[in-house]
Structure formats: C-alpha cells, structure tokens
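As a plain string of letters, each chain reads:
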Amino acid sequence: MSLRAGIVGLPNVGKSTLFNAMTKAKVLSANYPFATISPNLGIVEIEDQRLDFLASLYQPKLVTKATVAFTDIAGLVKGASKGEGLGNQFLANIREVDAICQVVRCFDDPDIIHVPGKVDPISDIETINLELIFADLEVVEKRLPRIEKKANFEKDSDFAAEYNALKKIKNELDQGHFASNAKLTKLEQEIIKGFGFLTMKPMIYVMNVDEDYILEDNKYVLDVREYASKNNSKAVKICAKIEEELADLEKEERLMFYQDLGLEDFGLNKLVKETYDLLGLATFLTVGPDECRAWTFKKGMKAPECAGIIHTDFERGFIRAEVFAYHDLEKYGTVAKVKEAGKLRSEGREYLVQDGDIILFRFNV
C-alpha cells in the first residue's frame, strides 16, 4: 500500500521546486506558468528512525522503507474547470491521487512573477478550491439526469442511493462547499467512490516561505493557518528553496544544516508525516537477517488484512500474528528480553494492528 499525493497550486508558487527537493529529480522549474508540461511522478522514501534502529540491531542484508508517490501537476489558473490554461487535462490527473498537497505562496519576491498580480495566499487558495468545486459540479450535473428516472422507479436500488448522494453533494457544491461536507450514508459513500470527486480528497496546505520566515510566521502564514483551521484542514510550513538546495547532501549533513537553522526535523519529513496522518495511515514493521522493512497500512485494519499487504497468501492462510511493539524492543534491547518481560503476544484474526507493531505472520496455504 502506497500513498499517492498530488502537488497542486497556482503557477510559480514553488510546486516543482518542492517536487525536486522530494525526489532529487531535476524537473523543469522556470519563472513562467506551465513549466511542468506533463505530470511528473516521483517515489519518495519515508525517513523512519525506528527502521534505522532495527537495521542497527539486526544488520540485515536489505532495509526497505515505506514510500510515498508524489505527482507534480502543472499550475492551475482561474477558469481551469472550463479548460483555461492546461485545465481539464490536469484536473483529470488530480482525480488519480489519494490526497492533495496545495502549495501556497507565502513569500514576497518581485523577481518571481505571480499570475494573479499580487501575493495573496487566501485568494490563491479560494481560486484553486473554486476550480475543484466547479469540476466536481460538472460531473454531478452530467450524471444526475441520466439516473433520475431509474432512481424514481427503483426506490430501493443502487441508482436511488447514487441519486440521493449526488443531490446531497450538489447542494454542498452549489453553496461553494466541498463535497466532503455532504452527510452521506455508508452505502452512499461506497457508491460514489468511483467518481473520484476532487473535493472529497483530503487537503493539506503547504505554506512555501522564504529563508527569513523558517522559524517565525509572517502574516501570510498566519492567514493560511487560520483558514486551514476553520476548514478542518492541515497546514505545513516549509521553505522549498532550502529543501531543494539541501536535497543532494547526505542525511547527516542535511541534519547539521537544519540544526544550524534552529530546526529539529526536515520540512519534507513533516509534510510526509502530516499527509500520512491526514489519510489515516500508519506503519507496521517486519524484521530479520534478510530484511528489515516498513509497511504502510490503513488504521483500523486487522491482522489478516495487514498480512495480505505483504502477500495475498499470507492473508488467505492466516493462522496468527506474533506481535510486539517497537517501543518495547527499544526499551529492552533484544527480542529475548521482550519475551521475558511478557511483551510478545500471539494475536488472532480480530487484532487491530497498531502503528509501530513488529509482526511475524504465521500462515498455511
């Protein structure tokens, strides 16, 4: 299971710079709109200190980190939902992602063109969000007339549930609200999944600042934080320029630079962690002399489902899961001492896997 997040925003807000920093790929980043002509996909390994500790303990042949896929999508502009700029093509690309990272310009620089003519992050956010709303509304308005008759004749059918769900969504979109505000039943939620509504996707606002505001917040950042809070969204502050400049350095060198700046963690790490949390994702671990590996799972998944992430045979023939927590291994130092402390458990099919669980799956096929 891998998270896929789309990086969106108006032109020249730092999307491709951020993407370069994440993937260490030299994607075209230029001072004019639509420098990114096609969506660029990069796979990013997630830094996890737990995995580093396990690797030092087990000395495995291979260490495999969890990953996130990031798609750099060309800058949207006002009217994108009607085909302005490179609109419809890139709105379609956004439909394929699990979460949206909306990069917002929170810095002043007269040498970098800003399409609307002035730096106003809230206006920028509302421009992007309105285009997403218009795009979803177009989908709803095309679909409703096609199923209205069937929904009226078959009151207990899936068509009726779909029709009711779309009407609820249309009501929210008409008011300028996201589709995620619609109060849907579980059946309705399941039925409309395939539409890939843009305004159903979790949103995180990435506040791109300059070097002067890495530690303190400027007015732009304060405004975005307030906006995100009011709209039940997350906001993360980074300096994409610094992240890109340091991306090619070794981890230890980068950490030294960050500490010199007064920062405890990489901005990109914070973004990935917040995005993970936004989607309700977590990590379980497997260990051994051949490989120590981090696996991504959805919070609320049971042991057999997590076993299936490794291999479908593991889920099909699941017997039990032998589990202990990472923090117990860190505390006691060895698996033997974890066992002595009674912290190793045998769990069955109903066990809900927790973040940081170290698991050995027993199965038979």
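*Asks:* How do you make sense of the pairing of strand β4 (residues 67-72) when you look at a structure like this?
*Replies:* Moving residue by residue along a regular strand, the side chains alternate between the two faces of the sheet. Judged by how many residues are buried, β4 sits mostly within the fold: 5 of 6 residues are covered. With 6 bridges joining them, strand β2 (residues 40-45) and β4 adopt antiparallel strand pairing. If you follow Leu41 over to β4, its bridge partner there is Thr71.

*Asks:* For this particular structure, what's the right way to read helix α10 (residues 267-278)?
*Replies:* Since one α-helical turn is 3.6 residues long, residues separated by three or four positions face the same way. The terminal C-alpha atoms of α10 lie 16 Å apart, and with 12 residues this matches the ideal 16 Å at 1.5 Å per residue to within 8%. Buried within α10 we find Gly267, Leu268, Asn269, Leu271, Val272, Thr275 and Tyr276. Just downstream of α10, Gly280 is the residue with a positive phi angle, here 70 degrees.

*Asks:* What should I look at first to understand the sheet that holds strand β5 (residues 99-105) in this one?
*Replies:* For sheets, the rule is that strands pair by backbone hydrogen bonds, running either parallel or antiparallel. Spatial ordering of the open sheet is given by β2-β4-β1-β5-β6-β7, a layout of 6 strands whose pairing is mixed. Here the strands that pair on one side only, and so sit at the sheet edges, are β2 and β7 (234-238). Direction aside, neighbouring strands of the sheet carry axes that sit 25 degrees apart on average. As defined by bridge partners, strand β1 (residues 3-8) adjoins β5 across 4 bridges and the pair is classed as parallel. Residue pairing for β5: Val8 is matched across the bridge by Gln102.

*Asks:* How should the packing of aromatic side chains be read in this particular structure?
*Replies:* Two aromatic rings, taken as a pair, are described by how far apart their centres are and by the angle between their planes. This model, assessed by the stated rule, comprises 8 aromatic pairs. With centroids separated by 5.9 Å and ring planes inclined at 80 degrees, the aromatic side chains of Tyr205 and Tyr227 adopt a geometry described as edge-to-face. In this pair, Tyr205 sits in strand β6 (residues 203-208) while Tyr227 sits in helix α7 (residues 219-230), placing the two residues 22 residues apart along the sequence. Comparing Tyr205 with Tyr227 shows no difference in burial state: the two are buried.

*Asks:* It is not clear to me how the pairing of β5 should be interpreted in this structure. Could you clarify?
*Replies:* Counting buried positions over the 7 residues of β5 gives 7, a clear majority of the element. Residues of β5 alternate between two faces, with Ala99, Cys101, Val103 and Arg105 on one and Ile100, Gln102 and Val104 on the opposite face, all of them buried.

What counts, and where the lines are drawn
Residues numbered from 1 in each chain as written. Predicted model: local features only at pLDDT ≥ 70, side-chain atom pairs only at ≥ 80, totals over all residues. Heavy atoms only, no water. Buried < 20%, exposed > 50% of the residue type's maximum accessible area, 1.4 Å probe, protein only. Helix = DSSP H or I, 4+ residues; strand = E, 2+ residues; numbered from the N terminus. Pairing = 2+ DSSP bridges. Expected span 1.5 Å × (residues − 1). Axes fitted to C-alpha atoms, helices over the stretch in contact; angles between N-to-C directions. Phe/Tyr/Trp six-rings, centres within 6.5 Å; stacked < 30°, edge-to-face > 60°.

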